[in-house]
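Chain by chain, the residues:
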Amino acid sequence: MPNSSDRWSATRSKPARVLQFRNRDGPKAVTAEPPSLASTDDKHSLLGQLRERLNISLLAAGAAGSWDWDISRNQLYLDDRMAALYGIDPAEADAGLATSIFFKAIYPGDANRIRIAVAGLLHGAELFFKTYRIITSDDQVCWVEAHGRCHFDAAGRPERFSGILVDVTERHRVEERLRIAQSAGGIGTFEHIPGHATVMVSHEFCRLLGLNSADVLPVVTINRLVKEGCPPLLEMGRQQGEDLTYSEIGVRRADNGEERWLARRGEAVRDVEGGGVRFIGVIYDVTESKRVEDALRHLNDTLEQRVEREIAERLQIEEALRQAQKMEAVGQLTGGIAHDFNNLLTVILGNVDMARSRLGNSGDERIERALANAQKGAERASALTQRLLAFSRRQPLAPKKILVSRLLQGMAELISRSLGETVILKTETTPDLWTVEADPNQLENAILNLAVNGRDAMDGSGTLTLTAANIPSGELLPSGEIASRDYLMLSVTDTGSGMSQEAVDRAFEPFFTTKEVGKGTGLGLSMVYGFVKQSGGDIHISSRLREGTTVCLYLPRAGDASADLSDQIIPGEQPSSLNETVLVVEDDEDVRQFAVECLLELGYQVIQAAGGREALSLLIERQEDVQLLVTDVVMPGLSGRQLAEAAQQLNPSLPILYVSGYPRDVILQDGRVKEGVELLSKPFTQQALAAKVRELLDQSVSVEV
Amino acid sequence: MVSDVIELSELEHDALTEVVNIGVSRAAASLRKMVGHQVLLSVPAVEIVTRQKAGVLLGERESNGLVAVEQNFSGAFAGRAMLIFPQAHSLALARAVAGDEISNEELADLEQEALAETGNVILNSCLATMANMLKRPLTMSIPTVNKGDASTLFSEPVKDDEDGPVLFLYINFSIHQRDLRGYIAMMMDMPSMHSLKDLLAEFIRQVVGDQE
């Protein structure tokens, strides 16, 4: 690759001057003392000697030939070697040729370029430095470098244009190979003498850094592209003894600011004048492999952490699953027990009830007291089974849209009475609370339950805080999950003794209690849990020992904003004594007997069946007579619901009353009672049955009218 | 970019280089007369770029302060010519022109003048050569010396605010054993560039046409 210093060498060596010794009327020799010559022979022999000497020096300089173009005479002289290269008789070349011969051997593709350059010389340019191809006499193409110079006469007019040709074919080939190696391999080269402010670079070097192509660049131009914290690409003060070590250097490209990684390798070459070194090296882009390597290292470094995190996550999920499965199993078990208990309690309660009303005022006071105690005990047992059903999420709910702030207001007095005088009650609600859809009675129960739990934990004194707030979807819940929808959060916080983590984990299990024996049933939180889950919400406990506990209920936001808080209207109970015919269907003999007896006593006509199929044939048989169907839900064979559907096909206006302690999804839809269906929960009293039956019969009459 | 506006063929580019080469040679001869020493100016490398690109090119090659001798010209071409070299070389150039006889103190006083004169000689030679070849008159303003960096030197527009083309030349100076490097930049307007292109076409027609 030619650089500027090469261009100088041609003019400094000034070979053309020697050519001026030709035996012609050209310019005088420039040497200081031209030898004085005695004879023509002597002259010729001296000339021969000088030519010989010239040839040797030209050969030593690597010249393939030399020329001398006499501008004023329009003659071209070539030396022997150049004549041979051009395939011209040396004698003719020595005698002078037409100047157009200069272009004769030049490769056609290069000829015009050289013509222009020579024209520049003839018009006053001083230096001629060109690389081009010539076709030699033996038809070989070879690359030459022409170093020429124009000489001017005293008036400054161009007089002679002379120079030498150097065969650079081999060098050109090597340079081409190097150039292709660099561009194909994306490798840039540099050559730097430590301490010098500039560095020789290749075009590929410039390209890798986003710089404009140049042969020489200041070291600072290159180093200012290096990213902070990386070693410089070229060290100015590098020690002479050191080698160029491999390094990876981050750079910011000059043209577009893109960040790349370059690798630098090289060697120290000890051939500089004065025994110094040159650093010759290469740079190439390693951004991609560096990126892959970094990613791999990062993966490797964090492998342990990631495994630990994964394991911890999995353990947590397994624990949650185990807990959920346990609750589900307990729920099924308690639900099953509650169902059977309800049947038994219905029998006990009903019969005690009937015995008491039969006894009237006339009976033995001790019998009356015993019956009253039995009834009280059975009622308590009934309340217990209701709670169990609540926990197992099988209680029928009647959800309504609720404004929680209004609900809390309405409960305030009840709660503060429950808390006692030494516990302070605070209520914190934000304005614009969303409405929720839930069973208001059950929600009140839940809040009261939590308040009483808080009171007990505070041992009589402290502060109980009720809070309600909106939790928009996307917010982080205390459980660590992200809220998947809008919730209203209702929390009850006490400043009591708190719970251990173990107690928190088990708090929702039925019959788990931290209270003294006899003080709690262990069903309060279970009920709340069941209610919230059945309402599509969630519940979370956070607690610290000796600091207090917060229980948060998350209830889904109601779809519609309008809330209906109208109080439930309880129809007045007026036992009637009419003679409608009621069909009672119940597989449990004792329960059926009780119901039948109740209805008979109330004055109704009663027919009974122990199962669905029997009931259906009775209905078909006495269709006209039956005005009300009272049926159990869960029965072997035809279920209560199937019976009801068949009955309504026979008589669409036939009112139906389900009696069940265990409705499950046979009559529940999404945990709610289906519209148009009446349900009487077991155990039931005579009064409750009487009221429901009358209500249904009266309704059906009004519909018919 | 400029290449969209001024499309020079390879031969035109060669021709431009030679025309500038003639100018630079004349400048070297004038300097030789002036300083009485051997003066060589290298064969120039020529590029036509935008002013912005010229700033980038110069900024990459010269990261330190620069000195520019500036002259406005009008006539066959109109624009501004600048001889630019590193500030660090400024005193050495002044010394080469002023000679070794005078003291450093005197030289410091003469520096500006010496630089202006050197710039005048070089720029005049280059521009006059071009004008001669076009056979059209050219007038030049008094040279001024400015200091700055690559970005500031090209920031002031020649006229209006167009990002006009810059004829950007690299040359090396060798004056009496001192190696100095420098740049010649000629900021021209579009009509001048077209005149130049016509000149080059004529030059090529003569040279290539004559000898074929």
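Residues numbered from 1 in each chain as written. Chains lettered and ligands numbered in written order. Predicted model: local features only at pLDDT ≥ 70, side-chain atom pairs only at ≥ 80, totals over all residues.

## Focus: the overall build of chain A
Phase 1: Along chain A, the regular secondary structure elements total 21 helices and 26 strands.
Phase 2: Among the 705 residues that make up chain A, the fraction classed as buried is 33%.
Phase 3: Sequence separation of 24 or more characterises 62% of the internal contacts of chain A that already satisfy a separation of 6 or more. (Helix = DSSP H or I, 4+ residues; strand = E, 2+ residues; numbered from the N terminus. Buried ≥ 20, exposed ≤ 12 C-beta atoms within 10 Å, placed from the backbone. Contact = placed C-beta atoms within 7 Å.)

## What about the overall build of chain B?
Phase 1: Secondary structure summary: chain B contains seven helices and eight strands in total.
Phase 2: The burial tally for chain B puts 48% of its 212 residues in the buried class.
Phase 3: Summarising the internal contacts of chain B: among those between residues at least 6 apart in sequence, 72% fall at separations of at least 24.

## Some details on the packing of helix α13 (residues 404–419) of chain A against helix α14 (residues 440–457) of chain A
Between two packed helices, what matters for the description is the angle formed by their axes and the separation of those axes.
Residue and element names in this part refer to chain A.
Phase 1: Orientation of α13 relative to α14, taken along the N-to-C sense of each, is 35°, at an axis distance of 10 Å. Every pair of crossing elements has a handedness; the one defined by α13 and α14 is right-handed. Between α13 and α14, the contacting residues are L407, M411, L414, I415, S418 and L419 on the first element and P440, L443, E444, I447, L448, A451, V452 and R455 on the second.
Phase 2: Taken together, the residues of the contact of α13 with α14 break down into eleven nonpolar, one polar and two charged. (Axes fitted to C-alpha atoms, helices over the stretch in contact; angles between N-to-C directions. Left-handed = near helix turned anticlockwise from the far one by under 90°. Nonpolar A, V, L, I, M, F, W, Y, C, P; charged D, E, K, R; others polar.)

## Observations concerning the interface of chain A and chain B
Phase 1: Listed as interface residues are 28 residues of chain A and, on the opposing side, 25 residues of chain B.
Phase 2: Of all the secondary-structure elements, those providing two or more residues to the side of chain A that touches chain B are α1 (4–13), α6 (108–122), β4 (127–135), β9 (216–218) and α9 (219–223) of chain A.
Phase 3: When residues of the side of chain A that touches chain B are assigned to their parent elements, the largest contribution, seven residues, is made by α6 of chain A.
Phase 4: Partitioning the side of chain A that touches chain B into residue classes produces 14 nonpolar, ten polar and four charged.

## So, the sheet that holds strand β17 (residues 487–494) of chain A
Residues and elements named next belong to chain A.
Phase 1: Read from one edge of the open sheet, five strands run β14-β16-β17-β19-β18, paired in mixed fashion. Sheet topology places β14 (423–429) and β18 (538–544) at the edges, where each strand pairs with a single neighbour. The mean inter-strand angle of the sheet, taken between neighbouring strand axes irrespective of direction, is 15°.
Phase 2: Both β17 and strand β19 (residues 548–556) contribute to a ladder of eight bridges, which runs antiparallel. Directly across from S491, in β19, lies its bridge partner C552. (Pairing = 2+ DSSP bridges.)

## Observations concerning the confidence of the model for chain B
Phase 1: Of all residues in chain B, 90% have pLDDT values of 70 or greater, and the mean over the chain is 80.
Phase 2: Taken together, the chains of this predicted complex give a pTM of 0.53 and an interface ipTM of 0.84. (pLDDT = per-residue confidence, 0-100.)

## As for the nonpolar core
Phase 1: Within the largest apolar cluster, 100 residues are counted, with the highest numbers of intra-cluster contacts made by I84 and A185 of chain B.
Phase 2: Discounting chain neighbours no more than four positions away, the residues touching A185 of chain B are A54, M82, I84, V166, L167 and F168 of chain B.
Phase 3: Counting residues in each nonpolar core, the second largest holds 85 residues, with L388, L389, L583 and V584 of chain A among its members. (Core = buried A, V, L, I, M, F, W, Y, C linked by C-beta atoms within 7 Å.)

## Here we look at the sheet that holds strand β22 (residues 626–632) of chain A
Residue and element names in this part refer to chain A.
Phase 1: Overall, parallel pairing links the five strands, which are arranged β21-β20-β22-β23-β26 in an open sheet. Single-partner strands in this sheet number two, and they are β21 (605–609) and β26 (678–681). Between one strand and the next, the sheet's axes are offset by a mean angle of 25°, whatever the strand orientation.
Phase 2: Strand direction decides the pairing type here: β22 and strand β23 (residues 656–660), joined by four bridges, are parallel. Bridge pairing links L629 to I656 in β23.
Phase 3: On top of the sheet, helix α18 (residues 612–621) reaches β20 (581–585), β21 and β22; it is set at about 160° to β20, its chief contact.

## Looking at unusual backbone geometry
Residues and elements named next belong to chain A.
Phase 1: A positive phi angle, near 60°, is found at N74, a position not held by glycine.
Phase 2: Along the chain, N74 falls in the loop between β1 (63–70) and β2 (75–78).
Phase 3: One non-glycine residue, D432, lies in the positive phi region at around 60°.
Phase 4: Mapped onto the elements of the fold, D432 is located in the loop between β14 and β15 (436–438).
Phase 5: C-beta crowding within 10 Å serves as the criterion here: with 7 such atoms nearby, D432 is assigned to the exposed category.

## Overview of the environment of I184 of chain B
All names here are of chain B.
Phase 1: Here I184 shows up in strand β8 (residues 178–188).
Phase 2: Here I184 falls in the buried class, since 27 other C-beta atoms lie within 10 Å of it.
Phase 3: The contacts of I184, once residues within four sequence positions are left out, are A81, L83, C126, L169 and I171.

## A closer look at the pairing of strand β12 (residues 278–285) of chain A
All names here are of chain A.
Phase 1: Where strand β7 (residues 187–192) lies against β12, six bridges are found, and the strand directions are antiparallel. Bridge pairing in β12 places T189 opposite V282.
Phase 2: Judged from the eight bridges that link them, strand β11 (residues 259–269) and β12 form a sheet pairing that is antiparallel. Across the sheet, residue E267 finds its bridge partner in β12, namely I280.

## Some words on helix α10 (residues 287–301) of chain A
Phase 1: Given a rise of 1.5 Å per residue, 15 residues ought to cover 21 Å, and the 21 Å separating the end C-alpha atoms of α10 of chain A matches this to within 8%.
Phase 2: In terms of burial, α10 of chain A is largely open, as just zero of its 15 residues are buried. (Expected span 1.5 Å × (residues − 1).)

## A look at the environment of M186 of chain B
Residues and elements named next belong to chain B.
Phase 1: Its place among the elements puts M186 in strand β8.
Phase 2: Residue class for M186 comes out buried when judged on the 26 C-beta atoms lying within 10 Å of it.
Phase 3: Spatially, the C-alpha atoms of M186 and L169 are 8.5 Å apart, while their sequence positions differ by 17 residues.
Phase 4: Every residue in contact with M186, bar those within four places of it in the chain, is listed here: G79, A81, V166 and L167.

## A look at the packing of helix α11 (residues 303–359) of chain A against helix α12 (residues 365–391) of chain A
Residue and element names in this part refer to chain A.
Phase 1: Running from N to C, α11 and α12 point in directions that differ by 155°, and their axes come no closer than 8 Å. As far as their axial angle goes, α12 and α11 are roughly antiparallel. α11 and α12 meet at a crossing whose hand is left-handed.
Phase 2: When its residues are assigned to classes, the contact of α11 with α12 shows 17 nonpolar, seven polar and four charged. (Parallel < 35°, antiparallel > 145°, perpendicular 65-115°, else oblique.)

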